[in-house]
Amino acid sequence: MKVTLDLYGQFLLSSQINYTCTFLADHLEGLTHDNVQYFLRSKRFSPRQIWQRLKHEIVLSSKGYIIFDDTVLDKSHSHKIELVRLQYSGNAHGLIKGIGIVNCVYFNPDTEQFWLMDYRIFSPDTDGKTKLNHVSDMLESLKKRNISYLYLLMDSWYATSDLFKYAIKEQKIFYCPIKSNRKIDDSGGKEPYKQAFETSFTNEEVKSGKLIKVFKMPMDTYFKLFRVLVSTTRTDYIITNDIAQNSTEAAEEKSSFRWKVEQLHREEKQITGIQNCQCRLQRSQRNHIAIACLVWISFKKIAYQTKQTVYSLKNSLLDDYLIQQMKHASITFA
C-alpha cells in the first residue's frame, strides 16, 4: 500500500493520542513502518501549500489583523531529531528542547474568524535566519499576494524598530506590548530617554495614554503608549502608531486579538499531533508539520460551518464507536 497526503492527513485527523508511523502502519494491512517513513522523507510539503489551500476559502477584510507569534514543539525526550534545538518556551517558562515555528495568522473582525496564513520553521543552523527575518519574509509574501489588512499585532519580542518602520511605511496600524525596560521619551526631547516603567502617568493619561518617542526611531516619529494594570504585581505597556487612539480600554481590546495565534498553537498541538512526530530527519519533520497545519485548516473550516469547536469535532469522531459499545459491548463486566 502507498502512503499519500490524503491518507497521512486522515490519520492525523482521526487518531486521538498516537501519531507515530508505527501506529499508522499497525492499522492498515499491507502497510509497514518503512512505507510511512519513506513517504515523510521523500515528499516535499511546505508553507506554500497552506496558501494554495486557503486562497479560495479565506474571507478578507479591509480592517483585518495580521498576527505574528512563535511556538515551540516540545521534543524534550529527543536525542537525534534534526531541527531540535534548545530554546525558550512560554508554556514551560524556560528553555526546552524543541522545534521552533513562527506563525502568521489572519483575523477577520467582521466574521470573528481566523486562519493560519503562513509559517516558518526556526532553524538558524540550516538557513541562517532569525525569527525576525522570518517575519519579514512572511510580510513580503502577504504583500505579493495582495492580502488586505489594516492592523499588525505581535508579541513584545517582535516589537522592533524595523517592524515599526515597516508598518509606518506600508500605512498599517500596529498594537503590541513592549517590555518595561524599553527606552522611551515623553518629554518631547527635553529629557534623556528612560525605561517605560520609569514613566509617570497622570490619571487622565492612564485612561487615554500618552504621546512618546521610542529610542532608535526617527526624531519626528511619535507613538501612543498605554499603561495597563493587569494586577497588583503586574503592569503591561502597549504601544501603537495610532496616535488618534485615546482609550486605554480600546487599545487593550485591539491588542488582545493577538491571542488568536495562541489559540492556534493550542489547537494544533491538541488535535493534530503536530509535535508528536518521532522521525529523525528534518525533511520528515517539515512534512509532518506541513500536513498537520493542513489538517488544522480542515478542522477549523468544518468548525466554522457547524458552529462547533475543533475539540468537539475531534471528540465526535468516537461517537459511533461509543454508541456501538454501549449497545453491543465487546467486553462484558458480568
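A brief report on the enclosed structure follows. (Residues numbered from 1 in each chain as written. Predicted model: local features only at pLDDT ≥ 70, side-chain atom pairs only at ≥ 80, totals over all residues. Heavy atoms only, no water.)

The subject of this paragraph is the packing of aromatic side chains. Under the counting rule described, the total for this entry stands at 17 aromatic pairs. With centroids separated by 4.4 Å and ring planes inclined at 10°, the aromatic side chains of F164 and F174 adopt a geometry described as stacked. Taken together, the residues F164 in helix α7 (residues 161–169) and F174 in strand β6 (residues 173–178) connect sequence positions ten residues apart. Note on F164: relative accessible area 0%, which makes it buried. Owing to a relative accessible area of 0%, F174 belongs among the buried residues under this scheme. Put simply, the rings of Y8, F11, F23, F39 and F45 touch in pairs and so form one group of aromatic residues. Its end group placed over the ring of Y149, K172 keeps NZ or CZ at 4.2 Å from the ring centre. In this arrangement the basic side chain of R258 is found over the ring face of W259, its NZ or CZ atom lying 4.8 Å from the centre. (Phe/Tyr/Trp six-rings, centres within 6.5 Å; stacked < 30°, edge-to-face > 60°. Helix = DSSP H or I, 4+ residues; strand = E, 2+ residues; numbered from the N terminus. Buried < 20%, exposed > 50% of the residue type's maximum accessible area, 1.4 Å probe, protein only. Lys NZ or Arg CZ within 6 Å of the ring centre and 35° of its normal.)

The next subject is the pattern of salt bridges. Scanning the entire structure with this criterion turns up twelve salt bridges. In this structure, K143 and E170 form a salt bridge, with 3.0 Å as the shortest nitrogen-oxygen distance. Note that K143 is positioned in helix α6 (residues 131–144) and E170 in the loop between α7 and β6, a separation of 27 residues in sequence. Exposure remark for K143: the relative accessible area of 42% places this residue in the partly exposed category. E205 serves as the salt-bridge partner of K210, at 3.5 Å between the closest nitrogen and oxygen. For K210, a relative accessible area of 7% gives the class buried. Using a relative accessible area of 21% as the deciding quantity, one classes E205 as partly exposed. Sharing partners across several salt bridges, the network here consists of D186, K194, E205 and K210. (Salt bridge = Lys/Arg side-chain N within 4 Å of Asp/Glu carboxyl O.)

Following the sequence through the fold, H265 ends up in helix α10 (residues 259–271). A relative accessible area of 4% means that H265 is categorised as buried. At 3.0 Å, the side chain of H265 forms a polar contact with the side chain of N103. Aside from chain neighbours lying at most four places away, what touches H265 is D69, D70, T71 and N103. (Polar contact = N/O pair within 3.5 Å; in protein donor to acceptor, adjacent residues only side chain to side chain. Contact = heavy atoms within 4.5 Å.)

This part covers unusual backbone geometry. The phi torsion at N146 lies on the positive side, around 55°, for a residue other than glycine. Take N146: it is sitting in the loop between α6 and β5 (151–154). A positive phi is found at Q171, a non-glycine position, where the angle reads about 60°.

Counting buried positions over the six residues of β6 gives six, a clear majority of the element. The alternating pattern of β6 places I173, Y175 and P177 and F174, C176 and I178 on opposite faces, both of which are buried. Relative to β6, β5 runs parallel, the two sharing three bridges. Within β6, the position partnered with Y151 by the bridge is I173. Viewed along the sheet, the connection from β5 through α7 into β6 turns out right-handed. (Pairing = 2+ DSSP bridges. Right-handed = clockwise from strand over helix to strand, strands pointing away.)

Okay, the packing of helix α3 (residues 33–42) against helix α11 (residues 282–306) next. Contact pair α3 / α11: the axes reach a minimum separation of 7 Å and the direction vectors enclose 90°. With respect to α11, the element α3 is oriented roughly perpendicular. Residues Q37, F39, L40 and R41 of α3 touch α11, and the partners they reach there are R283, S284, N287, H288 and I291. (Axes fitted to C-alpha atoms, helices over the stretch in contact; angles between N-to-C directions. Parallel < 35°, antiparallel > 145°, perpendicular 65-115°, else oblique.)

Okay, a nonpolar patch on the surface next. Together, L86, Y88 and L95 give the surface a local cluster of nonpolar side chains, amounting to about 360 Å² of exposed area. Given a relative accessible area of 54%, L86 falls into the exposed group. (Patch = residues over 30% accessible without salt bridge, like charges linked within 9 Å, V, L, I, M, F, W, Y side chains within 5 Å. Areas by Shrake-Rupley, 256 points an atom, 1.4 Å probe, with all protein chains shown as cover.)

Considering the arrangement of structural elements, one finds V261 in helix α10. Along the sequence, V261 and Y106 sit 155 residues apart, while their C-alpha atoms lie 8.9 Å from each other. Beyond its immediate stretch of four places on either side in the chain, V261 contacts I67, D69, N103 and V105.

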